[in-house]
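# Observations on the model geometry
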Amino acid sequence: MGLFRRRRSEFVGLTAEDRQVMTLLVEAGADLRRPRHVDHYLYFEVEDDAIAAAAEATGAGWDVRLDATDSEVPVWCLQVERHEVVLTAELLSEDRTTLRDLAARRNGEYDGWGAEV
């Protein structure tokens with residue numbers, strides 16, 4: 001927990017959800033100074049909206065994966081990825097805003113992010 005305390009000031013301004021994920025990463029042994037793979041998740045009820053969002057994200061340089069969820073009513077999950085990035089408050093805030101706006105434009109919902117330890 002010492003590393004998180006030393007770096008806590010770097011995460012001022014993050015959402016409660018982002019602080020929670022960062023805390024879980026540290027508790028799992030993550031060195032927050034190390035680059036890592038980060039996944040963001042967006043959900044869509046309409047396949048065409050999901051496809052359009054995936055195309056937009058790809059055009060902006062993100063790696064994407066689009067899958068239908070296994071449920072009675074199909075929901076499309078768009079996984080948007082960054083590779084080898086160091087997590088910073090600025091990066092997380094920018095990505096969250098960008099992807100939340102993308103989801104809203106395409107009638108979807110941004111559901112947060114996760115990262116490898």
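Residues numbered from 1 in each chain as written. Predicted model: local features only at pLDDT ≥ 70, side-chain atom pairs only at ≥ 80, totals over all residues. Heavy atoms only, no water.

## Quick word on the pattern of salt bridges
Put simply, the test is: Should a side-chain nitrogen of Lys or Arg be within 4 Å of a carboxyl oxygen of Asp or Glu, the pair is scored as a salt bridge. The helix count covers DSSP runs of H or I at least four residues long, the strand count covers runs of E at least two residues long, and both are numbered beginning at the N terminus. Relative accessibility thresholds used throughout: buried, under 20% of the residue-type maximum; exposed, over 50%; partly exposed, between the two (1.4 Å probe, protein chains only).
Across all of its chains, the model carries seven salt bridges by this definition. Put simply, Glu 116 and Arg 34 hold a salt bridge, and the shortest N to O gap is 3.9 Å. Of this pair, Glu 116 sits in the segment after strand E4 (108–115) while Arg 34 sits in the loop between helix H2 (16–27) and strand E1 (36–44); the two residues are 82 residues apart in sequence, bridging distant segments of the chain. According to the relative accessible area criterion, Arg 34 is partly exposed, its value standing at 33%. With a closest N to O distance of 2.2 Å, Arg 105 and Glu 56 form a salt bridge.

## Concerning the packing of aromatic side chains
The relative placement of two aromatic rings is captured by the distance of their centres and the angle of their planes. Applicable threshold: Each Phe, Tyr or Trp ring, with Trp reduced to its six-membered ring, pairs with another whose centre is within 6.5 Å; inter-plane angles below 30 degrees give stacked pairs, above 60 give edge-to-face pairs, and intermediate values give tilted ones. Geometrically, a charge over a ring is one whose NZ (Lys) or CZ (Arg) sits within 6 Å of the ring centre while staying within 35 degrees of the ring normal.
Scanning the model with the defined rule gives zero aromatic pairs in all. The residue whose ring lies beneath Arg 82 is Trp 62, and the NZ or CZ to ring-centre distance is 4.5 Å.

## Comments concerning helix H4 (residues 89–105)
Our working definition: An expected span of 1.5 Å times one less than the residue number is assigned to each helix. Residue contacts follow a heavy-atom distance rule, with two residues in contact if any of their heavy atoms lie within 4.5 Å.
Under the 1.5 Å per step criterion, the end-to-end length of H4 is 24 Å for 17 residues, consistent within 8% with the ideal 24 Å. Residues Ala 89, Leu 91, Leu 92, Asp 95, Arg 96, Leu 99, Leu 102 and Ala 103 constitute the buried set of H4. In the core, the buried residues of H4 are packed alongside H2, E1, helix H3 (47–59), strand E3 (76–85) and E4. Within two residues after H4, Asn 107 carries a phi angle of roughly 60 degrees, on the positive side.

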